[in-house]
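Close look at the chain arrangement
What follows is each chain in one-letter form.
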Amino acid sequence: MTIEQHASPFFLPTVRGQFRVAINGDASLPTLILSNSLGTTLEMWEAQAATFAENYRVVRYNTRGHGGSPVTPGPYNVDDLGADVLAILDALDIEKASFCGISMGGHTGLWLGVHAGHRFDAIAVCNSAAKIGIAQGWSERAATVRANGAGAMQTLADSAPGRWFTEEFIRSHPEVVRLAQGWLGGIAPEGYAACCEALALSDLRGSIGRIATPTLLLAGASDPVTTVADAEAMCAVISGSKLAVVPASHLSNLEAPQAFEHALATFLAESVPSI
Ligand SMILES: O=C(O)CC1=CCC(=O)O1
């Protein structure tokens, strides 16, 4: 397929189904692919797409189960989520890219570093961990969502701000908080539950030491979900990796976009050839 600018999301056919994708930036630039967190959509990267499109062809996609991407019956596993990224790159004829994912998206980035590092110049793992949360918690959340459908998504959206943002940000930026809650409220229950199960099943602690691609571990100083200690633990075992801590909670690209973009831009400039 000829890669053009698709600033508005479109449906990209791949061997693993049709994914909702948006592309910003000139086709001659190196590719940066952005991966969303659980319960959000590619719209979470609006600010970063605008910033990084000056130097990169920015490809955003919705993870399986989310916002127009395939909602196949679960459970999913992280192999599915990683293979989807490779299918999207293949469908766009992109041999090599840089990757930035947040939370579940960052966990997918770790899988890509372990299993397909040759396809990436650089991998940024933001607000994430080699094992996110505890399996039982994710399995229970998946079961609740399956049992209660749209009502459960609304309940999760109501409680999301405390998991995603600091109290100070919730007070000062209610419009951003409402926007993010709206993304979660619109996710298909089966897709959300199936991704919870992927997080329940996945434990990459024993394999991330094999990552040889330049890796950034970006943490939010006030993140209660995936902590600075989680990022430090990954940094200790991924050879040559870098650590950055930004003043934010879990959705740090929304809460501290300037600090997030500065850390990511610095890392990419050091890691990506010809930038
Ligand atoms: O529970 C949440 O909403 C936070 C979260 C954990 C993994 C992820 O992607 O988001």
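As recorded in an unreviewed UniProt entry, the protein goes by 3-oxoadipate enol-lactonase and comes from Ottowia thiooxydans.

**Focus on the packing of aromatic side chains**
Inspection of the entire model under this criterion finds five aromatic pairs. Judged by centre distance (6.1 Å) and plane angle (45°), the ring pair of Trp 45 and Phe 260 falls under tilted. Separated by 215 residues along the polypeptide, Trp 45 in the loop between β3 (31-35) and α1 (46-52) and Phe 260 in helix α10 (residues 257-271) bring together distant segments of the chain. Residue classification places Phe 260 among the buried positions, given a relative accessible area of 0%.

**Observations concerning the sheet that holds strand β1 (residues 6-14)**
Spatially, the eight strands line up as an open sheet ordered β1-β2-β4-β3-β5-β6-β7-β8, and their pairing is mixed. Here the strands that pair on one side only, and so sit at the sheet edges, are β1 and β8 (242-246). Along the sheet, successive strands turn relative to each other by an average axial angle of 20°, direction set aside. Summarising the sheet, β3 and strand β5 (residues 97-102) pair through four bridges and their orientation is parallel. Residue pairing for β5: Ile 33 is matched across the bridge by Phe 99. Along the sheet face, helix α3 (residues 104-115) touches β3, β4 (57-61), β5 and β6 (120-126) and points at about 140° away from the line of β5. Where helix α8 (residues 228-237) meets the sheet, it contacts β6, β7 (215-220) and β8, and its direction lies at approximately 165° from that of β7.

**Regarding helix α4 (residues 135-164)**
Structural remark: α-helix, 3.6 residues per turn; residues separated by three or four positions point the same way. With 30 residues, α4 extends only 20 Å from end C-alpha to end C-alpha; this falls clearly short of the ideal 44 Å at 1.5 Å per step. Maximum bend of α4: about 125°, positioned at Gly 149. Taken residue by residue, α4 has Trp 138, Ala 142, Val 145, Gly 149, Ala 152, Met 153, Leu 156, Ala 157, Ala 160, Pro 161, Arg 163 and Trp 164 as its buried positions. For α4, the secondary structure elements touched by its buried residues are α5 (167-172), α6 (174-185), α7 (189-201) and α9 (252-255).

**Side note on the pairing of β8**
Sheet topology places β7 next to β8; five bridges connect them, and they run parallel. In the sheet register, Leu 216 faces β8, and the bridge partner there is Lys 242.

**So, α10**
In this model, α10 (15 residues) spans 21 Å end to end at C-alpha, consistent with the 21 Å of a helix rising 1.5 Å per residue. Every buried residue of α10 is accounted for by Phe 260, Glu 261, Ala 263, Leu 264, Phe 267, Leu 268 and Ser 271. Each buried residue of α10 lies within a common arc of 165° when the element is viewed along its axis, so the set occupies one face. Along α10, exposed side chains directed more than 90 degrees from the buried face belong to Gln 258, His 262 and Glu 270.

What counts and how
Residues numbered from 1 in each chain as written. Predicted model: local features only at pLDDT ≥ 70, side-chain atom pairs only at ≥ 80, totals over all residues. Heavy atoms only, no water. Phe/Tyr/Trp six-rings, centres within 6.5 Å; stacked < 30°, edge-to-face > 60°. Helix = DSSP H or I, 4+ residues; strand = E, 2+ residues; numbered from the N terminus. Buried < 20%, exposed > 50% of the residue type's maximum accessible area, 1.4 Å probe, protein only. Pairing = 2+ DSSP bridges. Axes fitted to C-alpha atoms, helices over the stretch in contact; angles between N-to-C directions. Contact = heavy atoms within 4.5 Å. Expected span 1.5 Å × (residues − 1). Bend = angle between axes of the 7 residues up to and from the residue. Arc of directions from axis to C-beta.

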